[in-house]
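Residue strings, one per chain:
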Amino acid sequence: MGLDFKRTMANLNYLIEERKRRNKKLIISLTVAANPINKSNVDSLIKKWSPKVDDIGINWIHSWAGAMEDDGGKTEISGSRYPCRSLFEQVVVQSNGDIPLCCVDYEGSLVGGNIKTDKILTSFYSKRLEKVRRDHLGGRVGNNKMCNNCRFSEKGLDWLV
C-alpha cells in the first residue's frame, strides 16, 4: 500500500496505548492479507497481537472467485472446504442498491433484493441467498459456481481466528 511499516506499527501501538490510557471502549481490529510470502509469519502475528487488539482477521489473497489468477498463477481450490463466514456475517450493498451474495460477487450475479424496493433483511434472507447458505452448511460449497472457485471457504482459515 506504500505505507511505511515501522511508522504504521508505531501508530497502531500508540492507538492501543491511548485506548488504555483514556479507558475507552474503542474496538481495534487488525486485518492482514496473507500470501505465499508472509504465510509463515501468520502464527507469530496472531500470538503477538491477540493480547493487544480485539480482533484479528487473516484474509488470504484471492482470485475473485476465479476471475483472476492468484498465488503466482494457481487458481484451483484444494483441501477442505468450510462454510464461508461472509455469507452469514456480511450484508453487501452495491452502488445500485442490490444485495448480492457476498463481497466477491462484484458483478451481482446472485442478488437477493434491492434496498430501494425491499427491506434489507428480507433481501439478505431471500430464498436465493438462503439456498447457498444451506448448501455451505451441508458441505456442498461447490454447488454454486462462484463459491466453488472462491478461496474464502478453503481450509477453514476464516474460522481459525
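What you are looking at is a predicted structure, and each value in this text was computed from that prediction instead of being measured.

### Let's talk about the overall build of the chain
Working step 1: Secondary structure assignment for the chain yields 7 helices and 4 strands.
Working step 2: Taken from N to C terminus, the helices and strands of the chain fall in the order α-β-α-β-α-β-β-α-α-α-α.
Working step 3: For the chain, the proportion of its 161 residues judged to be buried stands at 36%.
Working step 4: Contacts in the chain between residues at least 24 apart in sequence constitute 57% of all its contacts with a sequence separation of at least 6.
Working step 5: Of the roughly 10700 Å² of accessible surface on the chain, a fraction of 53% belongs to carbon and sulfur atoms.

### Considering the nonpolar core
Nonpolar side chains in soluble globular proteins generally cluster together in the buried interior.
Working step 1: One finds L87, L101, V104 and V132 to be the most contacted residues of the largest nonpolar core, which totals 14 residues.
Working step 2: Elements with a contribution of two residues or more to this core: α5 (127–137) and α6 (145–148).
Working step 3: With 12 residues, the next largest nonpolar core counts M9, A34, W49 and I58 among its residues.

### Concerning the packing of aromatic side chains
Working step 1: Inspection of the entire model under this criterion finds 1 aromatic pair.
Working step 2: Aromatic side chains F124 and Y125 sit 4.9 Å apart centroid to centroid with 80° between the ring planes, which places their arrangement in the edge-to-face category.
Working step 3: If you follow K52 out to its NZ or CZ, it ends over the ring of W49, 5.0 Å from the centre.
Working step 4: Lying over the aromatic face of F124, R133 brings its terminal NZ or CZ to 4.1 Å of the ring centre.

### Comments concerning the confidence of the model for the chain
Detailed conclusions should not be drawn from predicted coordinates in areas where pLDDT is low.
Working step 1: When pLDDT is averaged along the chain, the result is 83; 83% of the residues meet or exceed 70.
Working step 2: Of all helices and strands in the chain, the one with the weakest mean pLDDT is helix α7 (residues 157–160) (54), whereas strand β4 (residues 111–114) scores best (96).

### Points about the side chain of N114
Working step 1: With respect to the helices and strands, N114 occurs in strand β4.
Working step 2: The class of N114 is buried, set by a relative accessible area of 13%.
Working step 3: Side-chain polar atoms of N114 contact the backbone oxygen of N96, separated by 3.1 Å.
Working step 4: At a separation of 2.7 Å, a polar atom in the side chain of N114 contacts the main-chain amide nitrogen of K116.
Working step 5: Those residues in contact with N114 that sit more than four places away from it in its chain are N96, G97, D98 and S123.

### Some words on unusual backbone geometry
Working step 1: Within the chain, N23 stands out as a residue other than glycine whose phi angle is a positive 55°.
Working step 2: Turning to its location among the elements, N23 is positioned in the loop between α1 (5–22) and β1 (29–34).

### Some points on the side chain of D135
Working step 1: Tracing the sequence through the fold places D135 in helix α5.
Working step 2: In this structure D135 comes out as buried when scored by relative accessible area, which is 9%.
Working step 3: For D135, the residues in contact, after removing those within four places along its chain, are R140, V141 and N143.

### Digging into the environment of G139
Working step 1: Examined against the element boundaries, G139 turns out to sit in the loop between α5 and α6.
Working step 2: Along the backbone, G139 and Y82 are 57 residues apart, and their C-alpha atoms lie at a distance of 7.1 Å.

### Description of α5
Working step 1: Within α5 the residues assigned to the buried category are L129, V132, R133, D135 and H136. Buried residues in α5, looked at end-on, bunch into an arc of 160°, giving them a common side. Opposite the buried face of α5, by more than 90 degrees, sit the exposed residues K127 and L137.
Working step 2: Where α5 is buried, its residues touch α3 (86–89), β3 (98–100), β4, α4 (120–124) and α6.
Working step 3: Of the residues flanking the end of α5, it is G139, one or two places downstream, whose phi is positive at about 80°.

So, how was this worked out
Residues numbered from 1 in each chain as written. Predicted model: local features only at pLDDT ≥ 70, side-chain atom pairs only at ≥ 80, totals over all residues. Heavy atoms only, no water. Helix = DSSP H or I, 4+ residues; strand = E, 2+ residues; numbered from the N terminus. Buried < 20%, exposed > 50% of the residue type's maximum accessible area, 1.4 Å probe, protein only. Contact = heavy atoms within 4.5 Å. Areas by Shrake-Rupley, 256 points an atom, 1.4 Å probe, with all protein chains shown as cover. Core = buried A, V, L, I, M, F, W, Y, C linked by side-chain atoms within 4.5 Å. Phe/Tyr/Trp six-rings, centres within 6.5 Å; stacked < 30°, edge-to-face > 60°. Lys NZ or Arg CZ within 6 Å of the ring centre and 35° of its normal. pLDDT = per-residue confidence, 0-100. Polar contact = N/O pair within 3.5 Å; in protein donor to acceptor, adjacent residues only side chain to side chain. Arc of directions from axis to C-beta.

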